[in-house]
Amino acid sequence: TTLVNAASVFPRRWIDFYLERHVGLNCPKGRKIALDIFLNPKMMRNHLVLGLQEIRELPKMPNDVALRLIGDICSTSILFCGCPDQWAPLFHMEDLKLLQRNSKVPHNINMLYIEELRHDFVVHPEMIEPVVRFCLNSIRVIGKGLNVGDTFRLQDVKSKL
């Protein structure tokens, strides 16, 4: 909350400018949401506590038991993103693929890595289409024996919706 209190002495438009120019939040609505959250002490505290909890609980290896249980029930698709914060980096996917090759994780756990994708894609309009494409691709290929990475034209799906 000290950071929130310190930031609150600056005019909102200065923080908005910083988020746009230095953080790369180009979407005005996204910046407004980020500002509203950042300037709310209770919300910021919750975000920081959850983030700290995630870091403390981050496993050294993927939970193959959980993935086997999920794989026994249904196919699953996991999207890994790399840029710039390595939230779900390539080596996580490589660890899972190794577990698949060793028959520790079912082969109906499909994975795709997109290097340029940010984990906070929802506030970056240019990042939304690759995620939508991944989701639609995943739905389309599950049960057909295709790879999630197979591509199709998003316009073709939009025209059928």
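Rules and cut-offs
Residues numbered from 1 in each chain as written. Predicted model: local features only at pLDDT ≥ 70, side-chain atom pairs only at ≥ 80, totals over all residues. Heavy atoms only, no water. Helix = DSSP H or I, 4+ residues; strand = E, 2+ residues; numbered from the N terminus. Buried < 20%, exposed > 50% of the residue type's maximum accessible area, 1.4 Å probe, protein only. Contact = heavy atoms within 4.5 Å. Core = buried A, V, L, I, M, F, W, Y, C linked by side-chain atoms within 4.5 Å. Patch = residues over 30% accessible without salt bridge, like charges linked within 9 Å, V, L, I, M, F, W, Y side chains within 5 Å. Areas by Shrake-Rupley, 256 points an atom, 1.4 Å probe, with all protein chains shown as cover. Salt bridge = Lys/Arg side-chain N within 4 Å of Asp/Glu carboxyl O. Polar contact = N/O pair within 3.5 Å; in protein donor to acceptor, adjacent residues only side chain to side chain. Pairing = 2+ DSSP bridges. Axes fitted to C-alpha atoms, helices over the stretch in contact; angles between N-to-C directions. Parallel < 35°, antiparallel > 145°, perpendicular 65-115°, else oblique. Left-handed = near helix turned anticlockwise from the far one by under 90°. Nonpolar A, V, L, I, M, F, W, Y, C, P; charged D, E, K, R; others polar.

*Asks:* So what exactly am I meant to see when it comes to the overall build of the chain here?
*Replies:* Across its full length, the chain holds eight helices and two strands. Shown N-terminal to C-terminal, the secondary structure of the chain runs as helices and strands in the order α-α-α-α-α-β-α-β-α-α. When the 161 residues of the chain are sorted by exposure, 27% land in the buried category. By sequence separation, contacts in the chain at least 24 residues apart represent 55% of the contacts at least 6 residues apart.

*Asks:* What am I meant to see in the nonpolar core here?
*Replies:* Grouped burial of nonpolar side chains is what soluble globular proteins tend to show. Leu79, Phe80, Leu96 and Leu117 are the most contacted members of the largest nonpolar core, which totals 17 residues. Among the elements of the structure, strand E1 (76-81), helix H6 (90-101), strand E2 (109-114) and helix H7 (125-141) are those that each provide at least two residues to this core. Ranked by residues supplied to this core, first place goes to E2 with four residues. With near-sequence residues (within four places) excluded, leucine 79 lies in contact with Ala88, Leu112, Ile114, Leu117, Val131 and Phe134. The next biggest cluster of nonpolar side chains, apart from the first, holds five residues, and it includes Ile15, Leu25, Leu35 and Val123.

*Asks:* Would you mind showing me how to read a nonpolar patch on the surface here?
*Replies:* A contiguous nonpolar patch, built from Val9, Phe10 and Trp14 and spanning about 360 Å² of accessible area, is present on the exposed surface. In this fold, phenylalanine 10 is placed in the loop between helix H1 (2-7) and helix H2 (12-23). Accessibility expressed as a relative area gives 45% for phenylalanine 10, which makes it partly exposed.

*Asks:* Sorry if this is basic, but what is going on with the pattern of salt bridges here?
*Replies:* When the charged atoms of two side chains with opposite charge come close together, those side chains can pair. Scanning all chains against the criterion turns up six salt bridges. Between aspartate 36 and arginine 12 there is a salt bridge whose closest N-O contact spans 2.5 Å. Taken together, the residues aspartate 36 in helix H3 (residues 28-38) and arginine 12 in helix H2 connect sequence positions 24 residues apart. Here arginine 68 makes a salt bridge to aspartate 64, at a shortest N to O gap of 2.9 Å. Here arginine 68 and its partner aspartate 64 are both found in helix H5 (residues 64-73), four residues apart, which amounts to about one turn of the helix. Within the structure, one salt-bridge network assembled from shared partners comprises Arg12, Lys32 and Asp36.

*Asks:* How should I be thinking about the environment of serine 77 in this particular structure?
*Replies:* Here serine 77 lies in strand E1. Judged by relative accessible area, which is 22%, serine 77 ranks as partly exposed. Of note is the side chain of serine 77, whose polar atom sits 3.2 Å from the side chain of serine 138.

*Asks:* Explain the pairing of E2 to me, please; I cannot follow it from the model alone.
*Replies:* Consecutive residues of a regular strand have side chains that alternate between opposite faces of the sheet. Counting buried positions along E2 yields five of six residues, so the element is predominantly enclosed. In this sheet, E2 lies alongside E1 in parallel orientation, the contact comprising six bridges. Bridged to threonine 76 within E2 is isoleucine 109.

*Asks:* Any chance you could explain the side chain of arginine 31 here in plain terms?
*Replies:* Tracing the backbone through its elements, the reader meets arginine 31 in helix H3. Looking at arginine 31, the relative accessible area reads 7%, which means it is buried. Non-local contacts of arginine 31, meaning those with residues more than four positions away in its chain, are made with Asp16, Leu19, Glu20, Leu25 and Asn26.

*Asks:* Could you clarify how one ought to interpret the packing of H2 against H3 in this entry?
*Replies:* The geometry of a pair of packed helices is captured by two quantities: the angle between their axes and the separation between those axes. Two numbers describe how H2 lies on H3: the axes approach to 10 Å, and their chain directions differ by 125 degrees. Relative to H3, the element H2 lies oblique. The interaxial crossing formed by H2 with H3 has right-handed handedness. Contacts from Arg12, Ile15, Asp16, Leu19 and Glu20 in H2 reach Arg31, Lys32, Ala34, Leu35 and Asp36 in H3. Residues of the contact of H2 with H3, tallied by class, amount to four nonpolar, no polar and six charged.

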